[in-house]
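Observations on the model geometry
Here is what each chain is made of, one letter per residue.
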Amino acid sequence: MKPFRRRNLLSVGLSVLLATNHVSAQIDLDLRNPESIKAAAKIAADEMVSYYTGYLPGDVPGNLPAPYYWWEAGAMFGALIDYWYFTGDDTHNNITTQAMLHQVGPDWDFMPPNQTKTEGNDDQAFWAMAALSAAENKYPNPPSDGPQWLALVQAVFNQQAARWDTQTCAGGLKWQIFPFNNGYNYKNTISNGCFFNMGARLAVYTGNDTYAEWAEKTWEWTETIGLMDANYNFYDGSDDNLNCTELDHIQWTYNAGTYLVGAANMYNFTGGASVWEERLTGIIQRIGEVFVRDGVLFEVACEDIGTCNIDQRSFKAYLARWMAATAVRAPFTYPMLKPLLETSAMAAASTCHGGESGTQCGLKWTQGSFDGWTGVGEQMSALEVFQSNLIDYAEGPVTEVSGGTSPGDPSSGTTSDVGPADLHRDAMTTADKAGAAILTVLVSFLVIGSAWWMVV
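I will try to describe carefully the structure that is included in this document.

About the cut-offs
- Residues numbered from 1 in each chain as written.
- Predicted model: local features only at pLDDT ≥ 70, side-chain atom pairs only at ≥ 80, totals over all residues.
- Heavy atoms only, no water.
- Helix = DSSP H or I, 4+ residues; strand = E, 2+ residues; numbered from the N terminus.
- Buried < 20%, exposed > 50% of the residue type's maximum accessible area, 1.4 Å probe, protein only.
- Areas by Shrake-Rupley, 256 points an atom, 1.4 Å probe, with all protein chains shown as cover.
- Pairing = 2+ DSSP bridges.
- Contact = heavy atoms within 4.5 Å.
- Axes fitted to C-alpha atoms, helices over the stretch in contact; angles between N-to-C directions.
- Parallel < 35°, antiparallel > 145°, perpendicular 65-115°, else oblique.
- Left-handed = near helix turned anticlockwise from the far one by under 90°.
- Nonpolar A, V, L, I, M, F, W, Y, C, P; charged D, E, K, R; others polar.

1. Considering the overall build of the protein chain
When helices and strands are tallied, the protein chain shows 16 helices and 5 strands. Going through the 456 residues of the protein chain one by one, you find that 62% of them count as buried. By element, 55% of the accessible surface of the protein chain is carried by carbon and sulfur atoms, the whole surface being about 16700 Å².

Rendered as structure tokens:
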């Protein structure tokens, strides 16, 4: 099964060229050699970018073609920011900066007019987390008269804090921002996990206790509602029409991953507090039990049965990304996480001999060979697990007091949030609703059916 794919003439020509040199183009990964890791990451990054057409005349910078949703484009550019950070290769920087700035929207909060009507909290957060990585990694700053990476994240965080909903479930963020979207009554783990992720990372970057307080509050809410249980299983979400009394118990790698890296940053921020050490250890142990087979990461809910959708095929990318960041922010986790990144990277490389070029990576790393699945998510997952093995060679992330250069604005986003009344001025179209509606129908069935080194 392969997704619809559209490639520009340049990338098709590149694929033909690579296909004629198939043997030399194959990924031959040697984890003892950083140059070999960088070479593997470059192949995966180039393959991933071959799906992107937003930089072409007449297309929209930052948008992936159908069937990909807007949030995954933000995640993809986050992967390219990581790629530059780990490898120093700026090949894709121009299209990355162009996309990130084009999608900030008129109020500089990642709520662009072409997406806002159907935008969820998690969608907005994935673009903001890419900007946060740009600040942490000292990715080149935008022009001084435009939006800045740190201020963009602060705007999104402030807006989402204002959306914290205590009318049901004693708190939490809803999946959707606006009540006219299907899924508005779903409080899902990824939206709250991304908010926790941003809060903990902003606390470390800025030193501001308020972000840490929100992160702690979000963790406690997730635990109290039961979206995280005592064994550190992270479930998908719950319907707030039922006051979150019934849960969708499906588990995804990215839910565990976003809480993992948030906990690592809280460990860092608190100077190694034992409570966060215990929580981190518990999450890692459960990841090993649920999402690892023979030392290799896999998506337990869909890989074996071949049902992973476009979104889910990218989830391992974020777990790998956040495992690497955890090993840096909480170094005691390194011996637990680095071996998983290594075995997973080797397994992923063993699948990277498919597609037109002969270097496309597959979905099922545990299979040990190309499985016929290709797409942005497959390439992004391989890219992140490859480059995550460069944490021993990359400089550590920065903060405002340890080399950070991205200007911030703690009050950004507090007066510019778009409200439902603003969006009701224009009628929702069928196209506006389609993406969110499809996802929500699936989620509704599930709910009903299952009723980087420590910075000092």
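Further notes follow.
2. Describing the sheet that holds strand E3 (residues 247-248)
Within the open sheet, the 3 strands sit side by side as E1-E2-E3. Their pairing is antiparallel. Among the strands making up the open sheet, the edge pair consists of strand E1 (186-188) and E3. The pairing of E1 with strand E2 (residues 237-239) spans 3 bridges and is antiparallel. Bridge pairing in E2 places Tyr-186 opposite Asp-239. Packing against the sheet, helix H8 (residues 189-206) makes contact with E1 and E2, and its axis sits at approximately 50 degrees to E1.

3. A closer look at the packing of helix H10 (residues 253-269) against helix H12 (residues 315-329)
Here H10 crosses H12 at 15 degrees, and the two axes come no closer than 8 Å. Relative to H12, H10 is oriented roughly parallel. Taken as a pair, H10 and H12 cross one another with a handedness that is left-handed. Facing H10, whose interface residues are Thr-253, Tyr-254, Gly-257, Thr-258, Leu-260, Val-261, Ala-264, Asn-265, Tyr-267 and Asn-268, H12 presents Phe-315, Lys-316, Tyr-318, Leu-319, Trp-322, Met-323, Ala-325, Thr-326 and Arg-329. Across the contact of H10 with H12, the residue classes tally to 11 nonpolar, 6 polar and 2 charged.

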